[in-house]
Every structure is written in C-alpha cells, then in structure tokens.
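This is what each chain is made of:
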Amino acid sequence: MSLPRAKSETGDPLLLTPGPLTTSKSVKQAMLHDWGSRDPAFIALNRRVLEGLAEIAGGDGLVTVPMQGSGTFAVEAMIGTLVPRDGKLLILINGAYGQRAGKIADRAARAWTALETAEDTPPDIATLSAALDADPAITHVFAVHCETTSGILNPIAEIADAVAAKDRRLLVDSMSAFGALEINAAKVRYDALAASSNKCLEGVPGLGFVLCREDALRAAAGNAHALSLDLADQFLALERTGQYRFTPPIHVIAALAQALDEHRDEGGVAGRGGRYRRNCRTLIDGLRDLGFETLLPDRLQAPIIVTFRMPGHPNFSFQTFYDALAERGFLIYPGKLTVAESFRIGCIGRLDERDMAGAVEAVRDVMTQMKVPTGAAA
Ligand SMILES: *Cc1c(COP(=O)(O)O)cnc(C)c1O
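The structure contained in this document is the topic of the report that follows.

Cut-offs and rules
Think of each chain on its own: its residues are numbered from 1, step by step along the sequence as written. Totals for whole chains, interfaces and linings use all residues, but because this is a predicted model, local features are given only for residues with pLDDT of at least 70 and pairs of side-chain atoms are given and counted only at 80 or more. Side-chain measures were taken over the full set of non-hydrogen atoms in the model, leaving aside hydrogen atoms and water. In this description a helix means any DSSP run of H or I spanning at least four residues, a strand means any run of E spanning at least two, and both kinds are numbered starting from the N terminus. Using C-alpha atoms as the atom set, the radius of gyration is obtained and then compared with a globule rule of 2.2 Å times the number of residues to the power 0.38. Only protein chains enter the accessibility calculation, which uses a 1.4 Å probe; a residue whose area is less than 20% of its type maximum is buried, one above 50% is exposed, and one in between is partly exposed. In this description, contact between two residues means that some pair of their heavy atoms is separated by no more than 4.5 Å. Any residue with a non-hydrogen atom lying within 4 Å of a molecule or strand is treated as near it. In protein, a polar contact means a hydrogen-donor-capable atom and an acceptor-capable atom, both N or O and within 3.5 Å, with residues adjacent in sequence counting only if both atoms are side-chain atoms; elsewhere, any N or O pair within 3.5 Å suffices. In this description, accessible areas are obtained by the Shrake-Rupley approach with a 1.4 Å probe, and a residue is regarded as covered only by the protein chains that are shown. Residues are grouped as follows: Ala, Val, Leu, Ile, Met, Phe, Trp, Tyr, Cys and Pro are nonpolar; Asp, Glu, Lys and Arg are charged; every other residue, Gly included, is polar. Strand pairing is assigned whenever DSSP identifies at least 2 bridges connecting the two strands. Angles here are taken between N-to-C directions and fall from 0 to 180 degrees, while the axes themselves are lines fitted to C-alpha atoms, restricted in helices to the stretch in contact. Whenever Lys or Arg places a side-chain nitrogen within 4 Å of a carboxyl oxygen from Asp or Glu, that contact is recorded as a salt bridge.

1. Digging into the overall build of the chain
For step 1, the next point in the chain: Across its full length, the chain carries 12 helices and 14 strands.
For step 2, the next point in the chain: Compactness check: the chain gives a C-alpha radius of gyration of 21 Å against a globular reference of 21 Å for 378 residues, within 12% of the reference.
For step 3, the next point in the chain: Across its three principal axes, the chain shows a C-alpha extent of roughly 60 × 55 × 35 Å.
For step 4, the next point in the chain: Taking all 378 residues of the chain together, the buried fraction comes to 57%.
For step 5, the next point in the chain: When contacts within the chain are restricted to residue pairs at least 6 apart in sequence, long-range pairs at least 24 apart make up 73% of them.

Written out as structure tokens, the structure is:
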C-alpha cells in the first residue's frame, strides 16, 4: 500500500458517511465526566444547548424541544405531536426519508397523501400549490431539506412560501442540513424543524431535537399518540422543572455543548457550510477527473453527501473498492437509490479539503490496483 493510512485526531478511520460522523477530539473529551441529570450544573448545560440550537435557527418565537434517540425519533415526535389526530399530511417524497415519514404517519394513524418525484428531481412548486388547492383536508406539509438518499437539495424556502400562501403548516426534516445550510426561521416559515446532534453540528449521536414555533407547540398539547414522543409534554416538563421526563443522554448533551462552541468558533452556519462546500468541490472535481459520474447536476447537489453512479468497467467490484478504501482509512457508504446502482461519499463531519484530497488519491490508488481505467458508469 503506497499511501499512508488516513486517520482522525483519535486515530480512527475517517467517516465519509451521512452520520454518525468523524467528530473532534475535544467533542469526545467533553464526555469524560458524569453529571446528575437533576443537578443544577446539568440543567444549566442543557439550557445552554437548547438556546444555542434556537439561536442557530434564527427567528423569535422558536423553542427547542430535545428528544432522546436518533433523528428518526425527533421526526416521529414532530409528526405525532404537531399533526392533530384529525389533520392530514402532504408528504413531499423524493427519497427514503420522505418515504419514512409516510410510515411514521401510518403508525400514528394520521391521514396522509404524497407528492412524489424521482430521486434526482425536486418537487415542483406549482404542483404543490395545486395539490393544496385540490385537497382542503390537508393541514400540514412535510418536506425534507437535504434528502440524504441522493444528496439533493430541495427548495425549502420556495416550499415554505407556497405552503404559507395556502395557509397550511410546514414541518421540515432538516436532519442532514441544519447547521451547515441556511434555513433562517425569520425568513423560512415553518411550524417545526427536526434535526439531530450527530450530523452537521458534529456532535455524537443520541439526541434529536425539534425547533418549534412556541404557539404551534402549545396548541398541539394532547395530540401525541405516544407518551415518550410527546413534544408538548416534553416541553412543558422542561419549562416547569428544567428536567427531562425520562433519562437524558447526558454525555451526548455535554458533547453537543462543546460541538456548538466549535460551530460558533468556525463562523456558524456560513463557516460550517463553507468548509463543507470546499470538501464537496474537492471530492466531485477529483472523482470526475477519474471518470466517475455524479447522479445530480451541480445545481441540485447539496454539499452534504454525493451519490456517484457505480462504475461500469468489468474489473470493478464495489466490495473490493469499499474494503481497499477502508484499509486506507476512508469509510464510504453504499447507495440507497432505488433507480440506479450507486455509492455515496459524505462531505460532512470534522473533515477538511486535505482529507477529501486524500480520499480522491486513495480512490485513484485503488482503481489502479483493481485495474479499472475509468470510473465511468455503464
Ligand atoms: C439521518 C437522517 C434522518 C434520521 O436518521 P437516524 O438514523 O434516525 O438518525 C432523518 N432524515 C434525514 C434526511 C437524514 O439524513
């Protein structure tokens, strides 16, 4: 093996995935303590985290409701709490996370309908407006900000404007975008937005959260179908006592406090997003040089995760490619597309342009070893 093995600050392989991600050493070090979950020190730390998240979102009247668990727990809590039992959801689907929202609505016994487009196609705004006109029963629209299935950036501001124009409420899954891509609540009108600790905020996994318009959240008390996923109940308990109803992931929250400090030090959303855009550019330019093809044109590509079409050369084997990259310290991600064979490489986490240039060199090295002259798709 000609190249030195890439590694993180703590000697681990670099995670070129959609999360969990490579985190800084200082974020992991923040977990080397214990806190009493009902002790004032932890309550203050937690409050700082919740306020910090609302600050990133921008806009007044927003509150952060934390939800123990992975991001899906937050999405499920958002749908189950914000959509009333007699409400109806219109889900904008162009990938697996939109599909998942439909499954969640089924379990919560909420009526729903979908506006589905192909995995490489954002929703059409005129079609969305027409769908809202055609079905007055629809109370809420669910949209995915960056659909991580493909890496496509959905036009969230235009969606929000269209939904507000028809006097409906918007729920956003911004899991893989929040903290790196601009979605300012003062400009983009939504009732709730779900995200998690371990994506663009570069914390460790274990805490989801939902940014809610406080009036919408208070009006939603009593809607939820599940006690543990009841955001209104969670909010009211935290407001009253400063404490979680059930065991909080204290180490995860401490790590998130440190991650938010590092986010601020990097220049907030603009700084974080800028680094990811440079990572993404380095990756795409480098792999295109080797003949690889991206699923998406650049104008639809979010700088979060890139889908590449599977090379068509007969010598190429994805398993060999994956293993050889892992040996060189880069963990990539299988594709999740239904339409085409593909794999994905993430641009997020504690990684910079040099790491991405290293990944490109590792790909070049592995292609030579596999005797695959070009990454071109079949
Ligand atoms: C990661 C992600 C989620 C949540 O996934 P978990 O595995 O539950 O953390 C939801 N939506 C999108 C768009 C995501 O990228």
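From this point, things continue past the structure.
2. Regarding the site of the ligand
For step 1, the next point in the chain: Every residue close to the ligand is listed here: S70, G71, T72, Y97, R100, V144, C146, T148, D173, M175, S176 and K199.
For step 2, the next point in the chain: For the ligand, an oxygen atom lies 2.5 Å from a polar atom in the side chain of S70.
For step 3, the next point in the chain: When the free accessible area of the ligand is taken as 380 Å², the share hidden by the protein chains comes to 85%.
For step 4, the next point in the chain: Secondary-structure elements contributing two or more residues to the shell around the ligand are α3 (71-82) and α4 (96-107).
For step 5, the next point in the chain: Residue composition of the shell around the ligand, by class: four nonpolar, five polar and three charged.

3. Points about the environment of A77
For step 1, the next point in the chain: Structurally, A77 can be placed in helix α3.
For step 2, the next point in the chain: In sequence terms A77 and A194 are 117 residues apart; their C-alpha atoms lie 9.1 Å from each other.
For step 3, the next point in the chain: Ignoring sequence-local partners within four residues, the contact set of A77 consists of M67, L229 and L231.

4. Brief notes about helix α11 (residues 318-327)
For step 1, the next point in the chain: For α11, the full list of buried residues reads F321, A324, L325 and A326.
For step 2, the next point in the chain: The secondary structure elements touched by the buried residues of α11 are β12 (330-331), β14 (342-346) and α12 (353-370).

5. Description of the sheet that holds strand β5 (residues 140-144)
Hydrogen bonds along the backbone pair up the strands of a sheet, which may run parallel or antiparallel.
For step 1, the next point in the chain: If you walk across this open sheet you meet the seven strands as β2-β10-β9-β8-β5-β3-β4, and the pairing is mixed. In the strand order of this sheet, the two ends are held by β2 (62-68) and β4 (111-116), each with one partner. Strand after strand, the sheet turns through a mean of 20 degrees between neighbouring axes, direction not considered.
For step 2, the next point in the chain: As paired strands, strand β8 (residues 169-173) and strand β9 (residues 192-196) are joined by three bridges and run parallel to one another. By the bridge assignment for β9, D173 is matched with A194.
For step 3, the next point in the chain: Each of β3 (88-93), β4, β5 and β8 touches α4; the most contacted strand, β3, lies at about 160 degrees to it.

6. Details of the pattern of salt bridges
For step 1, the next point in the chain: Under the defined criterion, the tally for this structure stands at 22 salt bridges.
For step 2, the next point in the chain: In this structure, the salt-bridge partner of R245 is D233, at a minimum N-O distance of 2.9 Å. Of this pair, R245 sits in the loop between α8 (231-241) and α9 (250-265) while D233 sits in helix α8, and the two are 12 residues apart along the sequence.
For step 3, the next point in the chain: With relative accessibility at 30%, the residue D233 sits in the partly exposed group.
For step 4, the next point in the chain: For D298, the salt bridge identified is with R281, shortest N-O distance 3.4 Å. Of the two residues, D298 is situated in the loop between α10 (268-289) and β11 (305-309) and R281 in helix α10; the sequence distance between them amounts to 17 residues.
For step 5, the next point in the chain: For D298, a relative accessible area of 36% gives the class partly exposed.

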